[in-house]
Protein chains: 2
Amino acid sequence: MDLLGYDMDCVKSEKFVVFDEKKEHLTMIVDDHTVYRGDSGELSGFPSCADGFPYLEESMRREFHYSDIIRRSQVNLAKEVAKTGSGCRFNCGMSFGVHVGAPFDSIKGLRVMVGTADAVFAPNLENLEPLPEDFDPTAVIKEPVPEAVNNDPFAVNGHAKVEDNEREIVLGRNVHTMCLEVTEPDADDDVTGEREAYMASILARYRKSLLERTKHHLGYPYNLDFEYGALAQLQHFSINNLGDPFIESNYGVHSRQFEVGVLDWFARLWELEKNEYWGYITNCGTEGNLHGILVGREVFPDGILYASSDTHYSVFKAARMYKMECEKVGTLLSGEIDCEDFRTKLLLHKGKPAIINVNIGTTVKGAVDDLDLVIQTLEETGFRHDQFYIHCDGALFGLMMPFVKRAPKVTFKKPIGSVSVSGHKFVGCPMPCGVQITRLDHINALSRNVEYLASRDATIMGSRNGHAPIFLWYTLNRKGYRGFQREVKKCLKNAHYLKDCLKAAGIGAMLNELSSTVVFERPHDEEFVRKWQLACQGNIAHVIVMPNITVEKLDGFLNELIEKRAMWYNNEKIQPPCVASDIGQQNCLCAMHK
Amino acid sequence: MDLLGYDMDCVKSEKFVVFDEKKEHLTMIVDDHTVYRGDSGELSGFPSCADGFPYLEESMRREFHYSDIIRRSQVNLAKEVAKTGSGCRFNCGMSFGVHVGAPFDSIKGLRVMVGTADAVFAPNLENLEPLPEDFDPTAVIKEPVPEAVNNDPFAVNGHAKVEDNEREIVLGRNVHTMCLEVTEPDADDDVTGEREAYMASILARYRKSLLERTKHHLGYPYNLDFEYGALAQLQHFSINNLGDPFIESNYGVHSRQFEVGVLDWFARLWELEKNEYWGYITNCGTEGNLHGILVGREVFPDGILYASSDTHYSVFKAARMYKMECEKVGTLLSGEIDCEDFRTKLLLHKGKPAIINVNIGTTVKGAVDDLDLVIQTLEETGFRHDQFYIHCDGALFGLMMPFVKRAPKVTFKKPIGSVSVSGHKFVGCPMPCGVQITRLDHINALSRNVEYLASRDATIMGSRNGHAPIFLWYTLNRKGYRGFQREVKKCLKNAHYLKDCLKAAGIGAMLNELSSTVVFERPHDEEFVRKWQLACQGNIAHVIVMPNITVEKLDGFLNELIEKRAMWYNNEKIQPPCVASDIGQQNCLCAMHK
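No experiment lies behind these values; they were computed from the predicted model shown.

Student: It is not clear to me how the overall build of chain A should be interpreted in this structure. Could you clarify?
Tutor: Secondary structure assignment for chain A yields 18 helices and 18 strands. A burial count over chain A gives 63% of its 594 residues as buried. A fraction of 68% describes how many contacts in chain A between residues 6 or more apart in sequence connect residues 24 or more apart. Summing over all exposed atoms, chain A offers an accessible surface of approximately 22,200 Å²; the carbon and sulfur share of this is 49%.

Student: Teacher, can you tell me more about the sheet that holds strand β8 (residues 277-282) of chain A here?
Tutor: As a general point, the strands of a sheet are linked pairwise by backbone hydrogen bonds and lie either parallel or antiparallel. Residue and element names in this part refer to chain A. Spatial ordering of the open sheet is given by β8-β14-β13-β12-β11-β9-β10, a layout of 7 strands whose pairing is mixed. The open sheet has two edge strands, β8 and β10 (326-329), and neither has a second partner. Strand after strand, the sheet turns through a mean of 15 degrees between neighbouring axes, direction not considered. Strand direction decides the pairing type here: strand β13 (residues 418-422) and strand β14 (residues 434-439), joined by 5 bridges, are antiparallel.

Student: What is the right way to read the packing of helix α15 (residues 467-504) of chain A against helix α17 (residues 551-568) of chain A from this model?
Tutor: Between two packed helices, the angle of one axis relative to the other and the distance separating the axes together describe the packing. Residues and elements named next belong to chain A. With their axes 11 Å apart at the nearest point, α15 and α17 run at an angle of 20 degrees to one another. By the angle between their directions, the pair α15 and α17 is classed as roughly parallel. Pair α15 / α17 crosses with right-handed handedness. Facing Asn 494, Tyr 497, Leu 498, Cys 501 and Leu 502 of α15, the residues of α17 in contact are Val 551, Leu 554, Asp 555, Phe 557, Leu 558 and Leu 561. A breakdown of the residues in the contact of α15 with α17 according to their chemical character gives 9 nonpolar, 1 polar and 1 charged.

Student: Can you help me understand the sheet that holds strand β14 (residues 434-439) of chain B in this one?
Tutor: All names here are of chain B. Pairing is mixed across the open sheet formed by 7 strands, whose spatial order is β8-β14-β13-β12-β11-β9-β10. Every other strand in the sheet has two partners, leaving β8 (277-282) and β10 (326-329) as the edge strands with one partner each. Averaged over all pairs of adjacent strands, the angle between strand axes in this sheet comes to 15 degrees, irrespective of strand direction. Sheet strands touched by helix α7 (residues 285-299): β8, β9 (304-308), β11 (354-359), β12 (388-393), β13 (418-422) and β14. Its angle to β12, the strand with the most contacts, is close to 175 degrees. This element, helix α9 (residues 339-348), spans β9, β10 and β11 of the sheet and lies at about 160 degrees to β10.

Student: Which parts of the structure should I look at to understand the pattern of salt bridges?
Tutor: Counting across every chain of the model gives 42 salt bridges over all chains. A salt bridge links Glu 298 of chain A to Arg 320 of chain B; the nearest nitrogen and oxygen atoms lie 2.4 Å apart. Note that Glu 298 of chain A is positioned in helix α8 (residues 285-299) and Arg 320 of chain B in helix α8 (residues 313-321), a pairing that runs across two chains. For Glu 298 of chain A, a relative accessible area of 11% translates into the label buried. Residue class for Arg 320 of chain B comes out partly exposed when judged on its relative accessible area of 33%. Linking Lys 531 of chain A and Glu 560 of chain A is a salt bridge whose minimum nitrogen-to-oxygen distance equals 2.8 Å. A residue pair is termed long-range when its members are at least 10 positions apart, and Lys 531 of chain A in helix α16 (residues 526-531) and Glu 560 of chain A in helix α17 qualify at 29 residues. Within the structure, one salt-bridge network assembled from shared partners comprises Glu 181 of chain A together with Asp 264 and Lys 274 of chain B.

Student: I tried to follow the packing of helix α7 (residues 256-269) of chain A against α15 of chain A on my own but got confused; where do I start?
Tutor: Residues and elements named next belong to chain A. In the contact formed by α7 and α15, the axes pass within 8 Å of each other and the chain directions differ by 35 degrees. Crossing handedness for the pair α7 and α15: left-handed. Across the interface between the two elements, Phe 258, Glu 259, Val 262, Trp 265, Phe 266, Arg 268 and Leu 269 from α7 touch Pro 469, Ile 470, Leu 472, Trp 473, Leu 476, Tyr 481 and Phe 484 from α15.

Student: Mind showing me how you'd approach the packing of aromatic side chains here?
Tutor: Two aromatic rings are characterised by how far apart their centres lie and by the angle between their planes. The final tally for this structure, using the stated rule, is 40 aromatic pairs over all chains. Between Trp 265 of chain B and Tyr 481 of chain B the ring centres are 4.8 Å apart and the planes differ by 15 degrees, which places this aromatic pair in the stacked class. Remark: Tyr 481 of chain B occurs in helix α14 (residues 467-504) and Trp 265 of chain B occurs in helix α6 (residues 256-269); sequence separation between them is 216 residues. On the accessibility criterion, Trp 265 of chain B (2% relative accessible area) is buried. Residue Tyr 481 of chain B is classed as buried on the basis of its relative accessible area of 3%. Taken together, the ring pairs in this structure connect Trp 265, Phe 266, Trp 270, Phe 426, Tyr 481 and Phe 484 of chain A into an aromatic cluster. Just above the ring of Phe 316 of chain A sits the side chain of Lys 328 of chain A; from NZ or CZ to the centre is 4.8 Å.

Student: Can you help me understand α8 of chain B in this one?
Tutor: An α-helical turn contains 3.6 residues, so a residue and the one three or four places further along point in the same direction. Counting buried residues along α8 of chain B, 8 of its 9 residues qualify, which places the element largely inside the surrounding structure. Regarding α8 of chain B, the residues found buried are Tyr 313, Ser 314, Val 315, Phe 316, Lys 317, Ala 318, Ala 319 and Met 321 of chain B.

Student: Explain the pairing of strand β18 (residues 540-544) of chain B here, please?
Tutor: Each regular strand displays side chains that alternate between the two surfaces of the sheet. Residue and element names in this part refer to chain B. Counted residue by residue, β18 has 5 buried out of 5 residues, so it is predominantly covered. Residues of β18 alternate between two faces, with Ile 540, His 542 and Ile 544 on one and Ala 541 and Val 543 on the opposite face, all of them buried. Sheet topology note: the strand β16 (residues 517-521)/β18 ladder contains 5 bridges and is antiparallel. Across the sheet, residue Thr 517 finds its bridge partner in β18, namely Ile 544. Relative to β18, strand β17 (residues 535-537) runs antiparallel, the two being bridged by 3 bridges. Bridging across to β18, Gln 537 finds its partner in Ile 540. In sequence, β17 turns back onto β18 through a hairpin of 2 residues, with Gly 538 there showing a positive phi of about 60 degrees.

Student: Explanation requested: the pairing of β11 of chain B in the structure shown.
Tutor: Residues and elements named next belong to chain B. Of all the 6 residues making up β11, 6 are buried; the element is thus mostly covered by neighbouring parts of the structure. Where burial is concerned, the two faces of β11 agree: the one with Ala 354, Ile 356 and Val 358 and the one with Ile 355, Asn 357 and Asn 359 are both buried. Taken together, the 3 bridges between β9 and β11 define a ladder with parallel strand orientation. Its bridge partner being in β11, Ile 304 is matched across the sheet by Ala 354. Pairing of β11 with β12 involves 6 bridges; the strand directions are parallel. Note that in β12 the partner of Ala 354 across the bridge is Phe 388.

Student: Looking at this structure, how should I read the environment of Phe 388 of chain B?
Tutor: Residues and elements named next belong to chain B. Mapped onto the fold, Phe 388 is located in strand β12. Along the sequence, Phe 388 and Arg 297 sit 91 residues apart, while their C-alpha atoms lie 10 Å from each other. Here Phe 388 is in contact with Phe 300, Ala 354, Ile 356, Leu 378, Phe 383 and Pro 415, once residues within four sequence places are set aside.

Student: Can you help me understand the environment of Leu 180 of chain B in this one?
Tutor: The residue Leu 180 of chain B is located in the loop between β6 (175-176) and α4 (189-192) in this model. Remark: the alpha-carbon pair of Leu 180 of chain B and Ile 202 of chain B, spanning 22 residues in sequence, is separated by 9.0 Å.

Student: Can you walk me through α6 of chain B in this structure?
Tutor: All names here are of chain B. Between the first and last C-alpha of α6 there are 20 Å, a value that for 14 residues agrees with the 20 Å anticipated at 1.5 Å per step. Burial runs high along α6: 14 of the 14 residues are buried. The positive-phi residue at the C-terminal boundary of α6 is Glu 271, with phi of around 60 degrees.

Quick notes on the rules
Residues numbered from 1 in each chain as written. Chains lettered and ligands numbered in written order. Predicted model: local features only at pLDDT ≥ 70, side-chain atom pairs only at ≥ 80, totals over all residues. Heavy atoms only, no water. Helix = DSSP H or I, 4+ residues; strand = E, 2+ residues; numbered from the N terminus. Buried < 20%, exposed > 50% of the residue type's maximum accessible area, 1.4 Å probe, protein only. Contact = heavy atoms within 4.5 Å. Areas by Shrake-Rupley, 256 points an atom, 1.4 Å probe, with all protein chains shown as cover. Pairing = 2+ DSSP bridges. Axes fitted to C-alpha atoms, helices over the stretch in contact; angles between N-to-C directions. Parallel < 35°, antiparallel > 145°, perpendicular 65-115°, else oblique. Left-handed = near helix turned anticlockwise from the far one by under 90°. Nonpolar A, V, L, I, M, F, W, Y, C, P; charged D, E, K, R; others polar. Salt bridge = Lys/Arg side-chain N within 4 Å of Asp/Glu carboxyl O. Phe/Tyr/Trp six-rings, centres within 6.5 Å; stacked < 30°, edge-to-face > 60°. Lys NZ or Arg CZ within 6 Å of the ring centre and 35° of its normal. Expected span 1.5 Å × (residues − 1).

Structure below.
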């Protein structure tokens, strides 16, 4: 039996036919859900056979469960192959498919090819390592190996396994997390390929759900518009930037040369000389905040932490972790820190140094604290520059600000101690990451004073993802300042468009001048919120306009919102929520304020 | 002009030919260093043209610099295409190649295909967004855009840029980190493809250096033997498991279903019921330690932290971060915690609760602390079970232990509070990650008491890499308990082989019974240490035998070490170091002890 496979592109291929040499057993997979199986007579009699099977005729379709059929046919094929002794192994559910575009007679001549996998493995059966003779599974596995996952965890109404513990959350829903169980492979899985087929089918469906979710995504500040195909080759390596970016460890598989390039770029953006900064690429914005505030605390061990109430929760988490006294400062309606309240709070603790978290874009309203006014307030209340430490949490807007006119400039020429920014937000990166830049002076001081903290490793994490710096390096190189400038402009334009359209449709909305975060009344229906992945808090929701959010996408969202709203509020009983206390009377369009 | 490309496998393809319709300008890239360029007459006259060009004949080779030629040919091709107005964009240096296996006449009929990239983009030139009219680069870029990187940062003797700050380090060398600068793209880079070509050439060389470094890697506990081709498709998505694994946020592009599956597997391994555990997938072993010790401190705010002197530095870092009193406990020669000293230290602080870090495999010697003896010591000194909290740092061996006979069992049936393990070590994963499992009781208590810490998010990091859980899930599913059992066996066998060979060659060495970390005299030559990426401390070095370390690899290492040693110690002046104080007289083979 010949194994013929043609996998043009694992990511894209959806139509496959599988058959044996005699064309007796045939399986055609038209898409993830429609599978056709029959003998060659049926299949060759199929009308559009010659011209590419765009679709099976309705009458000839039969519904199968995708993973089952893939699994079953792989097992059958593998058993056939095993009989002939030629040996085979399937890389994924797709790797034995034949693209249906080819005419039947030419298929036999095609070479077996695999798109994303390295090669088609062909271990002979005799080479398969047997289970060790003294292997006693009962010594390890206490319970019997659980059943395979039978349910479809991606189905909305599926019977997915749920967890019981409920907890209050703020930005999100309290949804029971579904679980894809890890199951013990059967002893013959290596031979049959059943296991790989099972996993491939799960991954294929997962990918489909990701595509769908990526399409309807408005509420989180992640730029999903990236293309890193050129970097796929690096996934084969365990790249780890152990410890300090500027001290090379003996572990050779790292990406420090990319990391330092990226750090240099950001240090220049925030105007700190190369020989005056220290920094590293973090796992996320939170790690940046944890690091910045830790440096502040080490500089001022008895300092008081000041942060506005709209500050990201990681800052308050840091206070708790580091046992710091923390003073929460009020905010203006825009979400900016209220410097009058800040002044009052500072005067309460005049004797102690101040550690201040300044938000360059708050989580909910995208508000930018006025850095200059914060510094002025400190000075006016008698704090000398050696009595305070400012950490700028630039998670989202830290990279957008430099391109916005009239924005208060984030620069180390001002008396600030550290700046952090997220890499997976405006830049766009497949995994969370961030950049942390601080003054080398602080780290050198730590290095002298704190044996454990800095002499070996002044980062928070020891092992650091070496792929993230390459993604960042790649994007910075490709886009450059000009590219980011263009994208910021586009985001701000589209955010204004969205805000204007919302208001025109009678929906209360606010957009801070320096922001692309559009805050508006929380949609009535949770299903709608979930579909568009809006982040909500109290009566408000927001859309963060990232480079991947086009006008077309916004129009789709707006049209659906307006349509749904007409249904939600079609009688007098239910009214749109009042958002005056969140975004001000002038922005509210509820029954009372419009 | 037709652009014909056939990219079978970006990772593997090394032989390409590029040509235009008239076959006038041809470029053949044979491998990373050999490039042939000429006109079609030359090329078609090439003898092995018809049967696949295994290699160019010596006389016909001409040496070019790979990146230059790729760059130049891409630029030229792009300019040609631009003239015809058909528009093109290169995904990477390879994407316009034609695999040389095909006979010339058939090439024109081939469709343009790309292996790992989604598609070949063909934006028309008119669609290219022009620079914004009001763009003022001087408002953003303070210094002139720096020159492109001209040096080869991968060359050992290159002129790579170096940083100045030096700092003492322990496990590693104080090497100046090289830097790949980020440069501002030229205005026409989008059109010419020059930028992408430049980056592709850097990445190609980087990949080559990674291949080389991965091959000679012995000193770090990373299993580099993995194959995740089936997961490459997921790199297109920004997968982020925001916050708690068991509370779904509205951000839909997550992988919680995989994460919870992996957590369930580990909870079962360590014998904690599904409804009794809480955990998450961390960014690395350090995050696990930071979390475990934080939970310990929250349970016992005035607890004393006890950790042996061979403990990973992240534990002492945690003590500093969390402002905890810390008592360093001595170790035995094996590297295990000295429970006699532990007893003495415990008695010093009888009034205060104890938080203990237990090592399941120390960093340097791979020693496993005797968990049972630690608990017994606590009980004997009068500590009730509600007066201590044990965190098990299982970074490396946490996953190997269950498969080793006579190993002290790590299980939540014993009075322990948390266990952490690294995911990129024994399991193998392209990026650092780890698993943290603790008792749900502790997290629920935190959740009630600490608003910031747990009610929203009991993890240390807010945003978490959503790819790592899928890698882990994939490997656990593929290998299962049986697979890990087999690999542990192989590692222990090979570690014994290495230790025996070292001793047979007169080299002092030690291997702990429950370990695959072979400790031996530090090689005299730093170049040798760097080549094999050995981790060193004082007079000792170690090799950690992971599943990717074969006997062949060990033989290569041994032969080179023995050969080099004969040179280093060929006269009486230089002697091999005495390692008796590190690994005991019985293991030392220095002049005095042999």
